[in-house]
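Coordinates in review
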Amino acid sequence: MSRLGHFTLFIIVSMIQVRFVDAKDYVIPAEDPQDCVQARSVPCSITTGNDPRIFKWQENLWELGRDIVLNTEKGSTWNVYKGMLVVNTINAITLHTPFADIFLGQSKVMIHVLDSKVRVLSLNGEGVKVKVKGESEEQFLVPGFQNWYGGVSPENERSGVASVIQFEEFAKTRAQFFMDHRYGFTNELAQVAKTVKWAAKMASQMHRELVERKMASLEEKHQKKVLKKKRKIQFNHYLRKLFLQKVRYDY
């Protein structure tokens, strides 16, 4: 076989391998009905496949990561079944996930729906209200904080403990599907960094207050023990005094 033939065969084999690998995990982007996002018509179902996308709906800006699946019946309420997104809301919306319902006012939030939980990062704005499946009480996530919510689980662990957003991890994840080039990736990182700095300060203050309360509680318990011990000693002295009086009376 000539050198040209070897080269042609190599190109064909390479194309077959590439196509095979791509087809193996590829999910076709889709809208149902077709073009429902552009028409803002409901109901509307969206699957991104391997291509992130950005769009506006009722003045709210949506940035969707790869392989996300969501739909809406009203436009103000969305079901998010899997995947990662960032939504910057002007008008209030509700996001239903398999593990928690998420309520947004004027907020910017990152949401990642996993197999066993949903991770929520409150990036900016008014914060996020979350109602975990199976619980009646609502939780609130202030800007700069993140948490996970697992709904009803065998271990009865329905949510984690809110913590300050890990900025470097957020930046790496966000870079994978950032598309709001009018605002700019650097500008968003700067804004989130500012929010995270404030959150870290608040977390430090809350920690200090908790420690002070704990110390005060321990001191109070200690004082109660001391007082209890004093009272016990005083009562023993009183009993001893009564005993001596009785002995003297008998004699």
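Not measured: the values here are computed from a predicted model.

Time to look at the pattern of salt bridges. Taken as a whole, this structure holds 8 salt bridges when the rule is applied. For Arg182, the salt bridge identified is with Asp180, shortest N-O distance 4.0 Å. Looking at Asp180, the relative accessible area reads 9%, which means it is buried.

Where strand β2 (residues 44-47) meets strand β5 (residues 69-72), 4 bridges bridge the pair, whose relative direction is antiparallel. By the bridge assignment, Ile46 is partnered in β5 with Leu70. The pairing of β5 with strand β6 (residues 77-88) spans 4 bridges and is classified as antiparallel. Paired with Leu70 across the bridge in β6 is Val80.

Taken residue by residue, the protein gives an average pLDDT of 80. The fraction at 70 or more is 69%. Predicted confidence is poor over residues 4-25, with pLDDT under 50, and the contacts of this stretch with residues over four places away or in other chains come to 2 contacts.

Our focus in this paragraph is the state of the cysteines. Within this structure, the stated rule accounts for 1 disulfide. Here Cys36 connects covalently by a disulfide to Cys44, the sulfurs 1.9 Å from one another. One quick way to see it: the torsion about the S-S bond of Cys36 and Cys44 is about 55 degrees, and its sign makes the bridge right-handed. Comparing Cys36 with Cys44 shows no difference in burial state: the two are buried.

With that settled, consider the environment of Asp67. Here Asp67 lies in the loop between β4 (60-64) and β5. Once the C-alpha coordinates of Asp67 and Pro52 are considered, the two residues, 15 residues apart in sequence, prove to be 8.3 Å apart.

Attention now moves to the packing of aromatic side chains. Under the defined criterion, the tally for this structure stands at 6 aromatic pairs. Centre to centre, the rings of Trp57 and Trp78 are 5.2 Å apart; their planes meet at 85 degrees, and the pair counts as edge-to-face. Separated by 21 residues along the polypeptide, Trp57 in strand β3 (residues 53-57) and Trp78 in strand β6 bring together distant segments of the chain. Given the relative accessible area of 0%, Trp78 is considered buried. Seen in terms of ring centroids, Phe167 and Phe170 are 6.5 Å apart; in terms of plane orientation they differ by 40 degrees. Their pairing is tilted. Taken together, the positions of Phe167 and Phe170, both in helix α3 (residues 167-175) and 3 residues apart, correspond to about one turn of that helix. When its relative accessible area of 2% is taken as the criterion, Phe170 is described as buried. Site record: aromatic cluster; members linked through ring pairs are Phe55, Trp57, Trp62 and Trp78.

About the cut-offs
- Residues numbered from 1 in each chain as written.
- Predicted model: local features only at pLDDT ≥ 70, side-chain atom pairs only at ≥ 80, totals over all residues.
- Heavy atoms only, no water.
- Salt bridge = Lys/Arg side-chain N within 4 Å of Asp/Glu carboxyl O.
- Buried < 20%, exposed > 50% of the residue type's maximum accessible area, 1.4 Å probe, protein only.
- Pairing = 2+ DSSP bridges.
- Helix = DSSP H or I, 4+ residues; strand = E, 2+ residues; numbered from the N terminus.
- pLDDT = per-residue confidence, 0-100.
- Contact = heavy atoms within 4.5 Å.
- Disulfide = S-S within 2.5 Å.
- Phe/Tyr/Trp six-rings, centres within 6.5 Å; stacked < 30°, edge-to-face > 60°.

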